[in-house]
Amino acid sequence: MKIIADENMPNAKTLFSHLGEVALVNGRTLTNEQVKDADVLLVRSVTKVSKSLLEGSSVRFVGSATIGVDHIDLDYLKDANIEFSSAPGCNAEAVADYVFSGLSYLYMTKNVQWLGKKIGIIGYGNVGKAVYARFVKMGCHVCVYDPFEEDSALSANFVSLEEILTCDVISLHAPLTQDGDYPTKGMLGENELSKLSAGVAIISAGRGGVIDECALIKNHQRLEGDIHLVLDVWDNEPVINQKLVSIVDIATPHIAGYSKQGREKGTWMVYQALCQYLKLDIVDTNINDAISAGCFSSFDVVVDFPHEEMLARCIHAIYDVARDDARLRYKYRENKENNVFDWLRKHYVERDELNTCTISKLNSSALTILSAAGFR
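Residues numbered from 1 in each chain as written. Predicted model: local features only at pLDDT ≥ 70, side-chain atom pairs only at ≥ 80, totals over all residues. Heavy atoms only, no water.

**Observations regarding the domain arrangement of the protein**
Part 1 of the reasoning: With domains assigned, the protein is organised as domain 1 (2–90 + 259–290), domain 2 (91–251) and domain 3 (298–373).
Part 2 of the reasoning: One C-alpha centre belongs to domain 1, the other to domain 2; they are set 30 Å apart.
Part 3 of the reasoning: Taken together, the 10 residues of domain 1 in the interface contact 9 residues of domain 2.
Part 4 of the reasoning: Interface area for domain 1 against domain 2, summed over the two sides, is near 780 Å², with a carbon-plus-sulfur share of 51%.
Part 5 of the reasoning: Remark: the boundary between domain 1 and domain 2 carries 1 salt bridge. (Domains from an automatic or database assignment. Contact = heavy atoms within 4.5 Å. Buried area = accessible area lost by both parts, 1.4 Å probe. Salt bridge = Lys/Arg side-chain N within 4 Å of Asp/Glu carboxyl O.)

Below, the structure written as C-alpha cells:
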C-alpha cells in the first residue's frame, strides 16, 4: 500500500510505515500525478482535495489531520466512494492557548485589561467550546454566536451577532463557508465592523475570509487605531495583505493550532481512523507514545502578581505569541524565501501546550485562574 502524506504531519512515517510505503510531499503543491498510484492520501489544510487532484487515482482513503474541512470536496469523495476522516478537536487546546497568549500580549504591551470584561465568541465548534469554557471558568461574562448550535441542548449563552459586536473582546473561530443559510465568507463586513467601539480587541484564529480585510483596515482608520488586532488567518493565504499586517498588533502565519501536541494528536486521530477503515488493530495503543510531553513539566510561581499579569507571565513562559509575530515580520523583511508564509509554517519553532505544565505555590484563587487558562 502506498501512502502519500504532507511533510508537515508529525510522526507520519513513525505511525504509518507498518501499513505501507510512506512518501512525504509538499501539501501546497501536490499534483494529480503525485497521487495517481497512491492508496491513501494524508493532508493538512493547505491541500485542496477535489476531483482535479484525485480523478483517475487509486486513492481510497483521505485523511486530514486538521479540524476544518473547507479544503475538502466532501461531495466528490462521497460520489467517488472514497473514505474520509479528519481530526476534529485535535488542536482546540492549542488554539485556546493562542487566544490567551494574544490577550496576555495585549495586556503586557498596551495594558488591555480583559478579565471581567464582556467576551464574545463567534463559532461554537470544538475550538469555540474550548475557548468559551476557559473564559467561563475565569469568571468572565461570555456570550457566543453560532446559529447552527443555538437550538441545541448546550448550556452556552447564545446571542445575536449584533450583541457580539458590543463585546470588549471578540474571538473568531468560525469555519469558512460560502453558501447555506449562514455563510461566513465576509461575515464581518463593513456594516458589522462599523458598529465596533474604540478599544475592542479582535482575535481571528479560525479561517481567513470571515473578516472583510478592506473593511477592517477602513475601520481601523475610523477608530484612529484604537482597536487591538491579533490575526492568525488571512484572506488569500499564502499571499497575505501587507497593509493589514502593518496595522495589527500580532500577525502570525495560520499557526494558532500548531502546538507540538495538537499536530501530533491530528496525526494520531487520522492513524486511528485508517486502522479502523482497514480493519486492523492499532499497533501503538498508548497515546502517550504518540503525543509528546512538554519541555517544562512544572514550575513554581513565588510572587503573587495581579491576576492578569500573573496569567501573562505564566502563559508566556510556555508560549509567547510575540515570538511568532516577530519571526513573520523579520522573514517578510528579509524576503529570501519564495513563499515566506508556507516557509514559516514548514519551519515552525515547536511549542508546547499549556496543559503539559503544572504550576504550584500560589494561593487558591490564583491557581483557579491558571487552571482555567489551561495549566495543570
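**Looking at the nonpolar core**
Part 1 of the reasoning: Core analysis: the largest hydrophobic core is formed by 54 residues, its most contacted members being Y98, L103, W114, F135, M138 and F375.
Part 2 of the reasoning: Among the elements of the structure, helix 5 (92–110), strand 6 (118–122), helix 6 (126–137), strand 7 (141–145), strand 9 (201–204), helix 13 (307–318) and helix 16 (364–373) are those that each provide at least two residues to this core.
Part 3 of the reasoning: Broken down by element, this core gets its largest block of residues, 9 residues, from helix 5.
Part 4 of the reasoning: Built from parts of two domains, this core gets at least three residues from each of domain 2 (91–251) and domain 3 (298–373). (Core = buried A, V, L, I, M, F, W, Y, C linked by side-chain atoms within 4.5 Å. Buried < 20%, exposed > 50% of the residue type's maximum accessible area, 1.4 Å probe, protein only. Helix = DSSP H or I, 4+ residues; strand = E, 2+ residues; numbered from the N terminus.)

**Overview of the packing of helix 5 against helix 6**
Part 1 of the reasoning: Look at helix 5 against helix 6: their axes get within 8 Å of each other, and the N-to-C directions meet at 50°. As summarised for this structure, helix 5 and helix 6 are arranged oblique, according to the angle between their axes. Where helix 5 crosses over helix 6, the two elements pack in a sense that is right-handed. Each of A92, E93, V95, A96, D97, V99, F100 and L103 in helix 5 lies in contact with helix 6, whose residues at this interface are N126, V127, A130, V131, R134 and F135.
Part 2 of the reasoning: Counted by class, the contact of helix 5 with helix 6 contains 10 nonpolar, 1 polar and 3 charged residues. (Axes fitted to C-alpha atoms, helices over the stretch in contact; angles between N-to-C directions. Parallel < 35°, antiparallel > 145°, perpendicular 65-115°, else oblique. Left-handed = near helix turned anticlockwise from the far one by under 90°. Nonpolar A, V, L, I, M, F, W, Y, C, P; charged D, E, K, R; others polar.)

**Comments concerning the pairing of strand 4 (residues 61–64)**
Part 1 of the reasoning: Here strand 4 shows a buried face lined by F61 and G63 and a second buried face lined by V62 and S64.
Part 2 of the reasoning: With 4 bridges connecting them, strand 3 (residues 40–43) and strand 4 associate as parallel partners. What sits directly across from V43, in strand 4, is S64.
Part 3 of the reasoning: With respect to chirality, the unit in which strand 4 leads through helix 4 (residues 74–79) into the neighbouring parallel strand 5 (residues 83–85) is right-handed. (Pairing = 2+ DSSP bridges. Right-handed = clockwise from strand over helix to strand, strands pointing away.)

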